[in-house]
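# Observations on the three-dimensional arrangement
Listed here are the chains, written in short residue letters.
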Amino acid sequence: MCGINGIIYKTKKADSLEVYKMNKAIKHRGPDDEGVYKFENVVLGHVRLSIIDLSEKGKQPMSNDGRYWISYNGEIYNFKEVKKQLLDLGHKFFSKTDTEVILNAYKQWGIESFHKFNGMWSFAILDNKEKKLILSRDRYGVKPCYYYNDNEKFLFSSEIKGIYSSDINLELDKNKLTYNQKSLEGAFTTIFKNCDIIPPGSYFIINLENYKIQKQKWWRGLDNLPLINVNLKKIKESLQDLLFDATRARLIADVDIATSLSGGVDSSIIFAILNKIYNEKNIDKNCNLNPFIVQYDENETFNDAIEISDYFNKK
């Protein structure tokens, strides 16, 4: 988990200090590092949780050519495969990050690069030459991105508190007070005036000179429905293969991996799969499978978590 922030100023000079305030408000998302980049009327911010390439080369906002800059939260699980394609096309890399893979992929394929990524993300790419900012969100909106837009500024952040901590006056929208949180999220908005959510599978292109916003969908679930086998046995086998492949993909990291176990269906499946694949030759030995289990009042699955941990002889 990292955090992204940014402001496009429409009526006054860019102020880096305002984005530093936003960074501070979401510092819990990225305790390892932070950065700010200013270009004309735009300021990008980032707080980093180092997972891939722990060196200074992974610092964000990042650029490898001075034209394109990125602030990114997420992980691209197939970044090594995409990187190989880009190397074959002549691209150069100065880090081992998936961040730089996104940058070069965008240079090569533009918006179409999003379709190549298997992962979760929310990122902003600034194009200094064409004077535009691209905001992109993953297929199902795993990684959050809120934005605020009025006559003076356009702001975005991984959390509302990032926007709230800026110099704008974020006000409650009385017309939305009767809506519950799920209804607000379903409408891709918030309880605040002028503050909305970038929809999943969408991207915005913001012109930095006239401030017009082009809003587009790059992914539609109904256009990408999987083929379902009618044979129950094959359905079970297919589901198991998908779960194992998805879990393996998420073990890519340059830090130790831990697991939490609630005793519910999701965490128990993941924990069981991890224990089964951990001895495979192609899995790095950087996963500690002694799970974190939290006990609290009214936790009805605590004993289930203990039981499954004991089943796999873990502490």
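Higher on the page you've got the structure.
Figured I'd write up the structure that's included with this text.

Rules and cut-offs
- Residues numbered from 1 in each chain as written.
- Predicted model: local features only at pLDDT ≥ 70, side-chain atom pairs only at ≥ 80, totals over all residues.
- Heavy atoms only, no water.
- Patch = residues over 30% accessible without salt bridge, like charges linked within 9 Å, V, L, I, M, F, W, Y side chains within 5 Å.
- Areas by Shrake-Rupley, 256 points an atom, 1.4 Å probe, with all protein chains shown as cover.
- Salt bridge = Lys/Arg side-chain N within 4 Å of Asp/Glu carboxyl O.
- Helix = DSSP H or I, 4+ residues; strand = E, 2+ residues; numbered from the N terminus.
- Buried < 20%, exposed > 50% of the residue type's maximum accessible area, 1.4 Å probe, protein only.
- Core = buried A, V, L, I, M, F, W, Y, C linked by side-chain atoms within 4.5 Å.
- Contact = heavy atoms within 4.5 Å.
- Phe/Tyr/Trp six-rings, centres within 6.5 Å; stacked < 30°, edge-to-face > 60°.
- Lys NZ or Arg CZ within 6 Å of the ring centre and 35° of its normal.
- Axes fitted to C-alpha atoms, helices over the stretch in contact; angles between N-to-C directions.
- Parallel < 35°, antiparallel > 145°, perpendicular 65-115°, else oblique.
- Left-handed = near helix turned anticlockwise from the far one by under 90°.
- Nonpolar A, V, L, I, M, F, W, Y, C, P; charged D, E, K, R; others polar.

## Thoughts on a nonpolar patch on the surface
Among the surface-exposed residues, Leu239, Leu243, Val265 and Ile269 lie close enough to one another that they form a single nonpolar patch of about 350 Å² accessible area. Going through the elements one at a time, helix H6 (232–249) and helix H7 (265–277) are the ones with two or more residues in the nonpolar patch. The residue Leu239 is located in helix H6 in this model.

## Comments concerning the pattern of salt bridges
The tally for this structure, following the rule as stated, stands at 14 salt bridges. The salt bridge partner of Glu130 is Lys132, with a shortest N-O separation of 3.0 Å. In this structure Glu130 comes out as partly exposed when scored by relative accessible area, which is 47%. Taking relative accessible area as the criterion, Lys132 reaches 19% and is therefore assigned buried. Ionic pairing is found between Glu171 and Lys193, a salt bridge with its closest N-O pair at 3.5 Å.

## What to know about the nonpolar core
If you look at the biggest cluster of nonpolar residues, it comprises 25 residues, and the most contacted ones within it are Ile70, Ile102, Phe114, Phe117, Trp121, Phe123 and Ile125. Counting residues per element, the ones that place at least two in this core are strand S4 (68–76), helix H2 (79–88), helix H3 (98–109), strand S5 (119–127) and strand S10 (202–207). For Phe123, the contacting residues outside a window of four places in its chain are Ile4, Ile70, Ser71, Tyr72, Ile102, Phe114, Ile134, Leu135 and Ser136. Formed by 19 residues, the second largest nonpolar core is a distinct cluster that contains Ile4, Leu126, Leu135 and Tyr147.

## Looking at the packing of aromatic side chains
Counted under the stated rule, the structure contains 14 aromatic pairs. Taking 6.4 Å as the distance between ring centres and 70° as the angle between the ring planes, the aromatic pair formed by Tyr72 and Phe123 counts as edge-to-face. Taken together, the positions of Tyr72 in strand S4 and Phe123 in strand S5 put the pair 51 residues apart, joining distant regions of the chain. You can call Phe123 buried: its relative accessible area is 0%. The side chain of Lys116 reaches across the aromatic face of Trp109, ending 4.4 Å from its centre.

## Describing the packing of H2 against H3
It is at 10 Å that the axes of H2 and H3 come closest, and there the two elements cross at 45°. Accordingly, the angle class assigned to the pair H2 and H3 is oblique. When you trace H2 past H3, the crossing you get is left-handed. Along its contact with H2, which presents Phe79, Val82, Lys83, Gln85 and Leu86, the element H3 presents Asp98, Val101, Asn104, Ala105, Gln108 and Trp109. When the residues that make up the contact of H2 with H3 are grouped by side-chain class, the tally is six nonpolar, three polar and two charged.

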